[in-house]
Amino acid sequence: MGVFLKLFICMYLFGVICSEEQVPWLACTFIDERVFLNKEGHRETELHPRDALLQFGPAGGPPVNPHTITFLITASRVDLRSYIVGGSPDHLECEIRRYSMRGIQRLWPSKGAMPYDLWFTCTIKHPEDSFTFTGYLRHTPSQPPSSMEDYDSFPPVGDRELITASASMVLHTGSVALKVGLRSQQKLQCQFAVDHKGPKFKVGWRAQIKGDWVELYSHDSHSGVTRGSGVSQKGLLSTGDATLSIPFVKISSEGKYVCSVSVGQLDASLDLALHVFEPPSVSLNVGPELALQAGAEQKVVCEAEGYYPLDVEMEWYQEPPGEPAGYRAGAPLPTKLNNVLLSSHRHNREGTFTLSAFFYYRAALLDTGRRFTCRVMHRSLRTPVRIGFTLLVHEPTSWRFYLAVGSTLVIFLIFIFRMLRYLYTARQESRKSKPY
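Residues numbered from 1 in each chain as written. Predicted model: local features only at pLDDT ≥ 70, side-chain atom pairs only at ≥ 80, totals over all residues. Heavy atoms only, no water.

> What is the right way to look at a nonpolar patch on the surface in this model?
On the surface, a cluster of nonpolar side chains totalling about 950 Å² of accessible area is made up of L409, F412, L413, F415, I416, M419, L420, Y422 and L423. Residue position: L420 is located in helix α3 (residues 399–433). (Patch = residues over 30% accessible without salt bridge, like charges linked within 9 Å, V, L, I, M, F, W, Y side chains within 5 Å. Areas by Shrake-Rupley, 256 points an atom, 1.4 Å probe, with all protein chains shown as cover. Salt bridge = Lys/Arg side-chain N within 4 Å of Asp/Glu carboxyl O. Helix = DSSP H or I, 4+ residues; strand = E, 2+ residues; numbered from the N terminus.)

> Got a minute to help me understand the environment of F30 in this structure?
Looking at the element boundaries, F30 is found in strand β1 (residues 25–37). Look at F30 and you get buried, because its relative accessible area is 0%. Measuring from C-alpha to C-alpha, the distance between F30 and F71 comes to 9.7 Å, with 41 residues separating the pair along the chain. (Buried < 20%, exposed > 50% of the residue type's maximum accessible area, 1.4 Å probe, protein only.)

> Looking at this structure, I do not really get the layout of surface pockets. What am I missing?
Sizing a probe to match a water molecule and rolling it over the atoms shows the empty space that remains. Considered as a void within the structure, the second largest pocket measures approximately 260 Å³ in volume. As for the second largest pocket, its lining consists of 14 residues, and the residues nearest its centre are V194, P199, S238, T239 and G240. Sorting the residues of the lining of the second largest pocket by element identifies β10 (191–194) and α2 (233–239) as the ones contributing at least two each. Counting residues per element, the lining of the second largest pocket draws most heavily on α2, which supplies four residues. Here the residues of the lining of the second largest pocket are counted per class, giving seven nonpolar, five polar and two charged. (1 Å grid on protein atoms, 1.4 Å probe; cavity = no way out; pocket = protein on both sides within 12 Å on 5 of 7 lines; lining within 4 Å. Points joined across faces, edges and corners; volume = space filled by probe spheres on them. Nonpolar A, V, L, I, M, F, W, Y, C, P; charged D, E, K, R; others polar.)

> Is there a simple way to explain the pairing of strand β17 (residues 281–284) in this structure?
Sheet faces and side chains relate simply in a regular strand, where the side chains alternate between the two faces. The alternating pattern of β17 places V282 and L284 on a buried face, while none of S281 and S283, on the opposite face, is buried. Looking at chain direction, β17 and strand β19 (residues 297–307) are connected through four bridges and run antiparallel. Across the sheet, residue S283 finds its bridge partner in β19, namely E303. (Pairing = 2+ DSSP bridges.)

> How should I be thinking about the state of the cysteines in this particular structure?
Here is the idea: a disulfide is a covalent bond, and it sits between the sulfur atoms of two cysteines. Following the criterion strictly, the structure yields three disulfides and no others. One disulfide bridge connects C190 with C259, the sulfur atoms lying 2.0 Å from each other. Here the S-S torsion is close to -70 degrees, and the disulfide linking C190 with C259 is therefore left-handed. Taken together, the residues span a long stretch of sequence, with C190 in the loop between β9 (186–188) and β10 and C259 in strand β15 (residues 255–263) at a distance of 69 residues. Of the residues examined, C190 reaches a relative accessible area of 0% and is grouped as buried. C302 shares a disulfide with C374; S-S distance 2.1 Å. Between C302 and C374 the disulfide shows an S-S torsion of about -80 degrees. By sign, it is left-handed. Taken as a pair, C302 in strand β19 and C374 in strand β25 (residues 371–378) lie far apart in primary sequence, 72 residues in all. Counting only the cysteines that take part in disulfides, in the order they occur along the chain, gives the pairing 1-2, 3-4, 5-6. (Disulfide = S-S within 2.5 Å.)

> Can you walk me through the side chain of S221 in this structure?
Secondary-structure assignment places S221 in the loop between β12 (212–220) and β13 (225–228). Residue classification places S221 among the buried residues on the basis of a relative accessible area of 18%. Polar side-chain contacts of S221 include one of 2.7 Å to the backbone nitrogen of F201. If we ignore the near neighbours within four places in the chain, the residues touching S221 are P199, K200 and F201. (Polar contact = N/O pair within 3.5 Å; in protein donor to acceptor, adjacent residues only side chain to side chain. Contact = heavy atoms within 4.5 Å.)

> So what exactly am I meant to see when it comes to unusual backbone geometry here?
Leave glycine aside and you will find that most residues have negative phi; peptide bonds, for their part, are mostly trans. Residue P309 follows Y308 across a cis peptide bond; omega there is 5 degrees. Mapped onto the secondary structure, P309 falls in the loop between β19 and β20 (312–319). Its identity as a non-glycine residue notwithstanding, R183 has a phi of 65 degrees, on the positive side. Take R183: it is sitting in the loop between β8 (177–180) and β9. For R183, a relative accessible area of 46% corresponds to the partly exposed category.

Okay, structure coming up:
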């Protein structure tokens with residue numbers, strides 16, 4: 001983009017755009033192209049990015065910047081500005097391309113259309129992927145061509161040319177990349193609008209799952225034939241809402257989805273990606289406190305269960321005895337354990353994975369109060385999951401203690417036995433002394 005255009009945008013944005021309810025213009029890149037025959041006689045296309053403005057206003061209005069190419073979009077039943085929601089206009093991605101009818105000379109069914117109309121596409125994207133739409137722009141030249149030109153031979157566009165056009169069709173979605181969880185209900189948004197009533201159209205959905213294409217839905221308004229499911233027939237016929245519903249997301253739902261719409265000689269499509277992200281459930285095989293005798297050995301296991309996709313990071317850390325759980329300023333940093341072993345990834349029935357990170361610990365008295373923490377990181381998590389335990393180590397009990405306890409127990413049992421025998425004998429003597 002030229003320096004002059006950038007400066008002009010910065011000066012104009014605050015004074016005009018911020019005061020308008022709708023965007024009056026956008027800076028765009030016009031991807032011009034030239035088709036030619038190479039030395040081997042095959043067609044090749046050269047692409048030439050050029051600075052341009054997409055301006056909204058009445059026909060005959062002056063260009064905002066007369067020093068660049070301007071596409072002046074006049075009012076029609078398709079208002080492209082209504083699809084621009086949120087975000088600063090100078091951060092939006094705007095790209096204009098030529099659209100070839102491939103030799104089809106079919107009159108577009110709206111007022112003022114001519115068989116020799118020129119067509120362009122305008123794609124506008126939000127930088128944070130909150131919306132994407134493509135508008136199909138129709139421009140009627142002031143003079144018809146003198147002869148039928150090759151459909152790949154586009155008339156040149158001057159550096160300061162003003163091209164007046166109207167939006168004849170738009171295809172819109174909220175997001176082209178969705179990150180969803182298992183067992184959720186999702187909607188893949190796809191909506192279209194045209195500039196005339198009662199258009200005949202074809203709508204289709206297909207998906208590429210693990211390399212194979214699957215036809216999900218199709219509808220032909222001319223024949224009335226519908227195949228598949230997932231799209232509301234009422235919304236499709238009344239408002240052009242071709243949104244596809246997925247009632248229960250599975251691992252097999254992940255893939256590339258394509259929404260295609262054909263109206264007359266215009267063929268439009270949207271590519272959407274559905275990514276499944278399921279966070280792990282993290283647990284330990286010990287409680288918050290682990291009590292051991294000095295010299296005893298314990299296997300400590302941290303398990304991350306039910307995550308997707310495959311990659312996961314699992315690490316064990318230890319903190320010195322006496323340090324409280326968590327981190328505080330000036331405290332020693334946790335030390336990563338190097339003797340940690342990882343199990344192999346276990347494949348669960350629903351397609352998720354499970355992994356264990358474990359180590360063997362031999363208790364020592366000087367480690368009492370030491371805290372061990374398992375840290376798990378996965379793409380589905382914004383922050384790592386941390387779960388840990390505090391170690392309590394006791395001195396081992398000597399053989400003298402066991403001997404004393406055993407001796408005391410034997411003496412107690414002998415005493416109980418003799419007391420019971422004494423009571424039994426006394427009772428027998430008492431019965432003999434009673435007269436009949």
